[in-house]
Amino acid sequence: MEDLTLMLRSAIPVDDVDILMLSPGNGIAVIWLNLSERPDVKTLLDRHAEEGGYAICTWFYGNLGKHNMLVGLRVEMREPTRSVFHLAFKVKDHQEPLSLIAQAGKLWCVPGPPPAHLVGTMEMTVHDFVQKVVNYSGQGMMIELQPHLIAELQQHLDEWKRIK
């Protein structure tokens, strides 16, 4: 329980979450991170974009199966440098993007907040959207989850939906 409290306290605030649909059932959750208190993570994202790298990810949960369930992702960067950060989501507020992550397993973490011209539902090509995000926030960091992490999240979201 202490670890959960610490991970939730240290989680980077999420400004917004968007969905970039690539095809039916396949997309990317775009996570706009508030890095005002974490310039180290901004540097990490920039460095990752330039040099590549990899991370080991694990899920953590609060209030598992309850209406106020929280889903967290621990991202342990191994390359280009070693670092750890946490993201946390209230399931009731981010059900759609979490469901997409549980299908496609892709997250794109970029510095936020999102620009006003990208807020709201709109249709544009994937290339145009990506270009607008990169021009505004930089490359950020793409995370592709391993199949067992995708399945784990799907199982917990299914349980949450059943209880909800």
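Per chain, the residues get numbers from 1 upward, laid out in the order the sequence is written. In view of the model being predicted, local features appear only for residues whose pLDDT reaches at least 70, and side-chain atom pairs are presented and counted only at 80 or more, with totals across whole chains, interfaces and linings using the full set of residues. In computing side-chain values, all of the structure's heavy atoms are included and hydrogens and water are not.

Enquirer: Would you mind showing me how to read the sheet that holds strand E4 (residues 70–79) here?
Expert: Strand pairs in the sheet, formed through backbone hydrogen bonds, run parallel or antiparallel to each other. Any two strands between which DSSP finds at least two bridges are classified as paired. Secondary structure follows DSSP: runs of H or I at least 4 residues long count as helices, runs of E at least 2 residues long count as strands, and numbering of each begins at the N terminus. Strand order in the open sheet formed by 3 strands is E3-E4-E5, with antiparallel pairing between adjacent strands. The sheet is open, and its two borders are formed by strand E3 (54–62) and strand E5 (83–90), each paired with just one other strand. Between one strand axis and the next, the sheet turns by 20° as a mean value, whatever way the strands run. When E4 meets E5, the two strands line up antiparallel, connected through 8 bridges. Pairing of Leu70 across the sheet is with Lys90, part of E5. In what follows, a contact means two residues having at least one pair of non-hydrogen atoms within 4.5 Å. Structural elements are reduced to axes, namely lines fitted to C-alpha atoms, with helices fitted over the stretch in contact, and the angle between N-to-C directions of any two is expressed from 0 to 180 degrees. Strand contacts of helix H5 (residues 147–163): E3 and E4, with the helix running at about 15° to E3, the strand carrying the most contacts.

Enquirer: Looking at this structure, I do not really get unusual backbone geometry. What am I missing?
Expert: Glycine aside, negative phi is the norm for most residues, and most peptide bonds take the trans geometry. Note the cis peptide between Gly112 and Pro113, where omega equals 0°. Inspection of the secondary structure assignment puts Pro113 in the loop between strand E6 (106–111) and helix H4 (126–137). Positive phi, close to 55°, is recorded for Asn63, a residue that is not glycine. With respect to the helices and strands, the residue Asn63 is situated in the loop between E3 and E4.

Enquirer: Please explain the sheet that holds E6 as it appears in this structure.
Expert: Pairing is mixed in the open sheet, where 4 strands are placed in the order E1-E2-E6-E7. For this open sheet the edge positions go to strand E1 (14–23) and strand E7 (141–144), each flanked by a neighbour on one side alone. Along the sheet, successive strands turn relative to each other by an average axial angle of 20°, direction set aside. Strand direction decides the pairing type here: E1 and strand E2 (residues 26–33), joined by 8 bridges, are antiparallel. Bridged to Ile19 within E2 is Ala29. In this fold helix H3 (residues 95–104) packs onto E1, E2 and E6, with an angle of close to 130° to the strand it touches most, E2. Where H4 meets the sheet, it contacts E1, E2 and E6, and its direction lies at approximately 35° from that of E6.

Enquirer: Whenever I open this one, the pairing of E7 confuses me. Can you help?
Expert: For a regular strand, side chains alternate in direction, first toward one face of the sheet and then toward the other. For the exposure calls, accessible area comes from a 1.4 Å probe over protein chains only, and a residue counts as buried if that area is under 20% of its type's maximum, exposed if over 50%, partly exposed in between. Residues Met141 and Ile143 point to one face of E7 and are all buried, whereas Met142 and Glu144, pointing to the other face, are not buried. The pairing of E6 with E7 spans 4 bridges and is antiparallel. Paired with Lys106 across the bridge in E7 is Glu144.

Enquirer: When you look at the pattern of salt bridges in this model, what are you seeing that I'm missing?
Expert: When the charged atoms of two side chains with opposite charge come close together, those side chains can pair. The rule for a salt bridge is simple: a side-chain nitrogen of Lys or Arg has to be within 4 Å of a carboxyl oxygen of Asp or Glu. Within this structure, the stated rule accounts for 6 salt bridges. Two residues, Lys42 and Asp46, come together in a salt bridge whose shortest N-O distance is 2.8 Å. Linking Lys42 with Asp46, this pair stays in helix H2 (residues 39–51), spanning 4 residues, or about one helical turn. The class for Lys42 is partly exposed, based on a relative accessible area of 30%. According to the relative accessible area criterion, Asp46 is partly exposed, its value standing at 30%. In this structure, Glu76 and Arg78 form a salt bridge, with 2.9 Å as the shortest nitrogen-oxygen distance. By relative accessible area, Glu76 is classed as buried at 16%. Counted as one network, the salt bridges with shared partners bring together Arg74, Glu76 and Arg78.

Enquirer: Quick question: what am I supposed to make of the confidence of the model for the chain here?
Expert: Detailed reading of the predicted model is not advised wherever pLDDT is low. Each residue gets a pLDDT score, which is the predictor's confidence in that residue and runs from 0 to 100. Of the residues in the chain, 95% have a pLDDT of 70 or more, and the chain-wide mean is 89. Confidence scores differ between elements of the chain, with H2 showing the lowest mean pLDDT of 82 and H3 the highest of 96.

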